[in-house]
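Topology and contacts: notes
Chain by chain, the residues run as shown.
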Amino acid sequence: MIAPTSLDTNLKELLEDVNQGKIQLPEFQRNWTWDDNRIKGIIASLSQGYPMGAIMRLQYGNPDIQFQYRTIEGVHADDAVPDYLVLDGQQRLTSIYQAAYSQEPVKTKTEQDREIHRFYYLSMPKCLDENEDRVDAIYSIPEDRKVKENFNRTITIDLSSREKEFEQKMFPLNVAYRIDLRTEWIMGYLDYYADDKDAREIFKSFNSRILNTITAYKLPVITLDKSTPREAVCKVFENVNTGGVPLTVFELVTAMFATHEFDLRADWNRCRKIIRGDGDSLQTDLLYGIDETTFLTAVTLYTSYMDKKAGKAGAVSCKKKDVLSLKYDSYIAYRDAVLTGFQLARNFLLQYQCVFRKRDLPYTTQLIPLSVICAILGKSKCDSPNTIKILSQWYWCGIFGEMYGGANETRYANDVEDVINAVNGKENPARTINASFFSATRLLTLQTRNSAAYKGVMALLYQRKCRDFMNGITIDVINSMIESPDIHHIFPEAYCENVGIPRRRYNCIVNKTPLLSATNRCIGGKAPSIYTKSILKKVDGLTEAELRERIESHFVDYDALVADDFDTYFVHRAEAVLGLIEEAMGKEIYDGNSEDTINDSNFAHPQ
């Protein structure tokens, strides 16, 4: 439970705190990005007293949340230790500080993203003119305080001295909150117009209606006290930062590790190359989906397991709060072991499960427990046949049970403990294996590669060394790198549409298989009885017996195929695919051998 406080605070007080370094930014905050037009817009709102939203800040000083911090852009208070860190409102606060408090030109940009340096002025007559849009009374002036046209040959506005500011009745915004500079400017203006009553009246009205509105402006400030836990800080930032890129756990941990003079981002860039296998003889994008937060989650899971084993923790866990609590020393101690775990997991997928590419990977999330399991077991144990058997059953039960599609942190922890105990011959609840379930009718709804089970079936076909119809090669890890197959219909879509086979049947996984592009082009939209003859003609020396062997390597009834007997073919292949899934999961598909299921009208036309 957190109890934030909210208080309307004078903007002048906030700007002074910013200038002294009492209010700073956590390092994970993005850079200030507002362009010239947005700055003019917020100045217009400020001068009219319009609300501009609350500032949210975190009280600094919790020893358990040691974020690296930095001053707001344009502030020169590098040695200051902050009292507060801004969580929301950085863009507004920085824009106002630079335009209305700092004495340096504002380094901003145009809408075309061209860098410019500007001072901001308020035209007093325009501010007082009810017919003028307020934003048109805000002037953005180059750092030499001259506006030029005609290729810089003609000066149209010159505010390069106080007298010229007075003459054109242009008030410099950056003196508004500096009492000494503001007083000096006002006295200079009144002296300049000592004999001009109208000009003095203009300032009097400007002062009471505009300048007082600016200097008296208050912002609602929400303050989270320093007891606020890290996970709450992360969640709060995600909730309030809807207009920008969401904050990640990784960025919060990066900010905390920076207090140890450690650049987690740079370290991740090095780790990512190892995980991806950069420089290895076999190049594949299989693990390119592992991002920095996934890696930190794996390190946290490994750390938690090791801490429980050493009696330092009661439970294995890798939820967000656990990742945010990951200690720097633990990260350094266990990072390399987890990197080795990812390398072993990569080899397990490539060599034993025939998952070759990122697009073929059923679940990226399942790589978290898999890599940690491999890290704990080590290479020697991971290579043993018994371990491969146990790991394989767990892996396929996770895929065909579709167990890794949602929030899975609890499952990660359970699986690590269960699989490690199974490998070590200890009793365990085998929670993922026992909870997994696959229904035969699920085959009919596997229509696209978005499904993990869909990708899983393809990998099982690769495992059985299915051969391309024309080329004859099996799709192993090497061949998949040379020419990657894609998933194609066995009974072509166009043919099925022409003869009235329902899409639910012809477009499901039962009627699909991995083939090379040349074979798919030869198949086209033709009936199988026709395209098999075309293949025999096109491939020199190919006999029908050899073609039969190639097609049957995909668990296809060759005789039904060449007879264009879709129903017989479809039921036969459904049974075969279900058999592959049963073998991979190491458990029976309860409706898989049921005559009522296989011969249901979903699978075959009723007789």
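Presented here is a report on the structure given in the accompanying data block. (Residues numbered from 1 in each chain as written. Predicted model: local features only at pLDDT ≥ 70, side-chain atom pairs only at ≥ 80, totals over all residues. Heavy atoms only, no water.)

With eleven of eleven residues buried, helix H3 (residues 90-100) is to be regarded as a mostly interior element. Turning to H3, its buried residues number three or more, namely Gln90, Gln91, Arg92, Leu93, Thr94, Ser95, Ile96, Tyr97, Gln98, Ala99 and Ala100. (Buried < 20%, exposed > 50% of the residue type's maximum accessible area, 1.4 Å probe, protein only. Helix = DSSP H or I, 4+ residues; strand = E, 2+ residues; numbered from the N terminus.)

Let us now look at the pairing of strand S10 (residues 154-158). Pairing analysis gives four bridges linking strand S9 (residues 146-149) to S10, with the strands arranged antiparallel. Opposite Glu149, over in S10, you have Thr154 as the bridge partner. (Pairing = 2+ DSSP bridges.)

Turning our attention to the nonpolar core. By size, the foremost hydrophobic cluster in this structure holds 133 residues, and its most contacted members are Phe67, Phe295, Tyr331, Phe438, Leu443 and Ile581. Ranked by the residues each element gives to this core, the list is headed by helix H27 (residues 566-585), at ten residues. Discounting chain neighbours no more than four positions away, the residues touching Phe438 are Phe400, Leu443, Leu446, Ala453, Leu578, Ile581, Met585, Ile589 and Asp591. Leu14, Ile43, Leu93 and Val221 belong to the second-largest nonpolar core, a separate cluster that totals 53 residues. (Core = buried A, V, L, I, M, F, W, Y, C linked by side-chain atoms within 4.5 Å. Contact = heavy atoms within 4.5 Å.)

Moving on, we get to the packing of helix H10 (residues 264-276) against helix H11 (residues 292-309). Look at H10 against H11: their axes get within 11 Å of each other, and the N-to-C directions meet at 90°. If you check the angle between H10 and H11, you find them roughly perpendicular. Of the residues in H11, those touching H10 at Leu264, Arg265, Trp268, Cys271 and Ile275 are Glu292, Phe295 and Leu296. In terms of residue class, the contact of H10 with H11 is made up of six nonpolar, no polar and two charged. (Axes fitted to C-alpha atoms, helices over the stretch in contact; angles between N-to-C directions. Parallel < 35°, antiparallel > 145°, perpendicular 65-115°, else oblique. Nonpolar A, V, L, I, M, F, W, Y, C, P; charged D, E, K, R; others polar.)

The strand order across the open sheet formed by six strands is S1-S12-S3-S5-S2-S4, and the pairing between neighbours is mixed. Edge positions in the sheet fall to strand S1 (5-10) and strand S4 (69-70), since each has one partner strand and no second. With four bridges joining them, strand S3 (residues 55-59) and strand S5 (residues 84-88) adopt antiparallel strand pairing. Across the sheet, the residue bridging to Leu58 is Leu85, located in S5. Across the sheet, helix H1 (residues 11-19) lies against S1, strand S2 (23-26), S3 and strand S12 (218-224), angled at about 95° from S1, the strand it touches most. Taken strand by strand, H3 contacts S2, S3, S4 and S5, and its axis lies near 115° from that of S5.

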